[in-house]
Amino acid sequence: MFSVKGDKIIITSGDTAVLTYVPNTSRVFTESDKAVFTVRAQDGESLMRMTLQPEADGRVQIPFVHETTKNWKPGIHDWQIRYYIGAEMAGSTITGVREVGTPMEVGVIEVLRAL
């Protein structure tokens, strides 16, 4: 199961899905901008961190893959997306950022137990 209602995502542990996120902005994004999607457990443990290249309108597609979601414990977790403007990449680290934008408050991701 996968559903999205506002800033709440519901997914069954082990399921796959793709979430398309488009920020409400008039900014035109370029190749030097990055979006970082994170999921954290309530205890702060990082469950997922993905750096994405946004389209000109800020749109990103976030893949949820079985290999990642199968390890998520059932319950309520947090998710957020941040945009790094003028970012450079050094390996998997973002550097040289001119501005960080967080277009939304922290959202909720509810992971359901798989049978």
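Whatever comes next refers back to the structure up there.
These lines cover the structure that appears in this document, whether it is placed above or below. (Residues numbered from 1 in each chain as written. Predicted model: local features only at pLDDT ≥ 70, side-chain atom pairs only at ≥ 80, totals over all residues. Heavy atoms only, no water.)

**Section: the environment of valine 97**
Right, so step 1: Tracing the backbone shows valine 97 in the loop between strand 9 (93–95) and strand 10 (99–101).
Right, so step 2: With a relative accessible area of 34%, valine 97 lands in the partly exposed category.
Right, so step 3: When the C-alpha atoms of valine 97 and glycine 86 are compared, they prove to be 5.3 Å apart, with 11 residues separating the residues in sequence.
Right, so step 4: Valine 97 has contacts with Tyr84, Ile85, Gly86 and Ala87, leaving out every residue within four places of it along the chain. (Helix = DSSP H or I, 4+ residues; strand = E, 2+ residues; numbered from the N terminus. Buried < 20%, exposed > 50% of the residue type's maximum accessible area, 1.4 Å probe, protein only. Contact = heavy atoms within 4.5 Å.)

**Topic: the pattern of salt bridges**
Right, so step 1: In total, this model carries 2 salt bridges according to the counting rule given.
Right, so step 2: Close ionic contact of lysine 8 with glutamate 110 constitutes a salt bridge, the shortest N to O distance being 3.2 Å. Remark: glutamate 110 occurs in strand 11 (residues 107–112) and lysine 8 occurs in strand 2 (residues 8–12); sequence separation between them is 102 residues.
Right, so step 3: Linking arginine 59 and aspartate 57 is a salt bridge whose minimum nitrogen-to-oxygen distance equals 2.9 Å. (Salt bridge = Lys/Arg side-chain N within 4 Å of Asp/Glu carboxyl O.)

**Remarks on the side chain of lysine 34**
Right, so step 1: Relative to the assigned elements, lysine 34 resides in strand 4 (residues 34–41).
Right, so step 2: Despite its burial, lysine 34 remains without a salt bridge, the nearest opposite charge being carried by glutamate 31 at 7.5 Å.
Right, so step 3: Among the polar contacts listed, one links the side chain of lysine 34 to the backbone oxygen of glutamate 31, at a separation of 3.2 Å.
Right, so step 4: Residue contacts for lysine 34: discarding those within four places in its chain leaves Thr51, Leu52, Gln53, Pro54, Arg82, Tyr83, Tyr84, Ala87, Met89 and Ile94. (Lys, Arg positive; Asp, Glu negative; His and termini not counted. Polar contact = N/O pair within 3.5 Å; in protein donor to acceptor, adjacent residues only side chain to side chain.)

**Here's the deal with the pairing of strand 5 (residues 46–52)**
Right, so step 1: Taken together, the 6 bridges between strand 4 and strand 5 define a ladder with antiparallel strand orientation. Residue pairing in the sheet places valine 36 in a bridge with threonine 51 of strand 5.
Right, so step 2: Connecting strand 4 to the next strand, strand 5, in antiparallel fashion are 4 residues, including glycine 44 with a positive phi near 95°. (Pairing = 2+ DSSP bridges.)

**Observations regarding the pairing of strand 1 (residues 2–5)**
Right, so step 1: Pairing between strand 1 and strand 2: 4 bridges, direction antiparallel. Looking at strand 2, one finds that serine 3 is bridged to isoleucine 10.
Right, so step 2: Here strand 1 hands over to strand 2 after 2 residues, with glycine 6 in that stretch at a positive phi of 65°.

These values are about where atoms sit, not about what they do.
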